[in-house]
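So the chains spell out like this:
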Amino acid sequence: MNKIICLFYLITFSLIGFAQAPQMSTSDVQSYGHAININIPNSDYSEGDFYYADADKNEKKGELNEALILFGKAAFEYNSDKKQAKYANSLLRLSNVHYQLNHFIEAEQMVLNLALKAYAKLGNKIGQMQSYGQLGKIYAASNKYTQSMWFYTQQGILAEQLRHQNGRIESILGIALVKAKKKEYNLALKDILKAENLAKSLKNTHYNSQIQQQRTFILSKQNPKPKV
């Protein structure tokens with residue numbers, strides 16, 4: 001375990017050291033969360049593709065410490081190869097693994113200091129929107145409600161500009177989560193209803209489970225079961 005942690009931080013420090021150096025190209029733009037296609041032309045080959053694919057597999061299997069190392073290696077290789085959209089995407093995935101491990105400071109730094117800046121330089125607004133959503137989630141988990149609300153709001157603003165409907169729904173649900181954590185239950189329920197109506201109008205069932213879970217959680221807080 002100690003070897004894994006040491007290797008990860010060695011990669012992390014290398015990434016931060018390289019953050020200001022790369023020349024970025026918009027030809028590699030890729031949205032956060034989408035699996036890459038490793039059957040790529042030789043001209044687009046990067047060792048990072050193989051690290052990324054293995055990291056994705058490990059994360060899905062729940063082997064988070066291994067995924068942490070592999071996403072870090074993927075990001076390092078993409079940055080070295082000046083494939084900046086893939087680099088930023090790997091950083092977001094790396095942040096999300098940290099989030100799952102409750103490493104909230106590390107999860108924040110991966111996005112705030114690296115991924116968000118890379119997406120901004122690329123002019124990739126979808127990547128920026130995804131970064132804002134990730135930061136909103138991290139700050140909510142860290143009980144930093146003001147920061148979380150701000151980033152979820154920025155996510156929603158960009159989603160409106162881009163007409164990115166999933167981004168709009170995620171922003172509304174994120175804001176509802178923060179309001180629920182602040183015990184503003186009625187306001188949170190209104191936001192959940194807003195997200196639900198938007199999803200129904202788009203015939204989007206992807207968020208049904210999340211909407212139901214958030215509503216159930218809030219109602220349980222409003223009407224706690226009596227102690228036996």
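One can find the structure itself at the top, above this paragraph.
Everything in this summary refers to the structure shown in the same document. (Residues numbered from 1 in each chain as written. Predicted model: local features only at pLDDT ≥ 70, side-chain atom pairs only at ≥ 80, totals over all residues. Heavy atoms only, no water.)

By size, the foremost hydrophobic cluster in this structure holds 32 residues, and its most contacted members are Phe71, Tyr87, Leu91, Leu94, Val97 and Leu135. Mapped onto this core, the elements with two or more residues apiece are helix H2 (47–60), helix H3 (64–80), helix H4 (84–100), helix H5 (104–122), helix H6 (125–141) and helix H7 (145–162). When neighbours within four sequence positions are excluded, Val97 is seen to be in contact with Glu59, Leu64, Ala67, Leu68 and Phe71. Grouped together as the second largest cluster of nonpolar side chains are 15 residues, Ala180, Ala195, Ala199 and Tyr207 included. (Core = buried A, V, L, I, M, F, W, Y, C linked by side-chain atoms within 4.5 Å. Buried < 20%, exposed > 50% of the residue type's maximum accessible area, 1.4 Å probe, protein only. Helix = DSSP H or I, 4+ residues; strand = E, 2+ residues; numbered from the N terminus. Contact = heavy atoms within 4.5 Å.)

This next bit is on the environment of Trp150. Note on placement: Trp150 falls in helix H7. Taking the C-alpha atoms as reference points, Trp150 and Gly133, 17 residues apart in sequence, are found 10.0 Å from one another.

On to H2, then. Compared with an ideal rise of 1.5 Å per residue, which puts 14 residues at 20 Å, H2 spans 21 Å between its outermost C-alpha atoms and is within 8% of the ideal. Tucked inside the fold, the buried residues of H2 contact H3 and H4. Gly62, located one to two residues past H2, shows a positive phi value of around 85°. (Expected span 1.5 Å × (residues − 1).)

What follows is about the packing of aromatic side chains. All told, the structure shown has six aromatic pairs when counted by the stated rule. Between Tyr52 and Phe71, the aromatic rings sit 5.5 Å apart at their centres with planes inclined by 75°, giving edge-to-face as the arrangement. Of this pair, Tyr52 sits in helix H2 while Phe71 sits in helix H3, placing them 19 residues apart in sequence. A relative accessible area of 1% means that Tyr52 is categorised as buried. Ring geometry for Tyr132 versus Trp150: centroids 6.4 Å apart, planes at 85°, classification edge-to-face. Separated by 18 residues along the polypeptide, Tyr132 in helix H6 and Trp150 in helix H7 bring together distant segments of the chain. Judged by its relative accessible area of 15%, Tyr132 is buried. (Phe/Tyr/Trp six-rings, centres within 6.5 Å; stacked < 30°, edge-to-face > 60°.)

Here we take up unusual backbone geometry. Although it is not a glycine, Asn102 sits at a positive phi angle of roughly 65°. Here Asn102 shows up in the loop between H4 and H5.

Following both chains from N to C, one finds helix H9 (residues 185–201) and helix H10 (residues 208–222) inclined at 160°, their axes separated by 10 Å at the closest point. With respect to each other, H9 and H10 are oriented roughly antiparallel. Handedness of the H9/H10 crossing: left-handed. In this structure, H9 contributes Tyr185, Asn186, Ala188, Leu189, Ile192, Leu193, Ala195 and Glu196 to the contact, and H10 contributes Ile211, Gln214, Arg215, Ile218, Leu219, Lys221 and Gln222. Here the contact of H9 with H10 is composed, by residue class, of nine nonpolar, three polar and three charged. (Axes fitted to C-alpha atoms, helices over the stretch in contact; angles between N-to-C directions. Parallel < 35°, antiparallel > 145°, perpendicular 65-115°, else oblique. Left-handed = near helix turned anticlockwise from the far one by under 90°. Nonpolar A, V, L, I, M, F, W, Y, C, P; charged D, E, K, R; others polar.)

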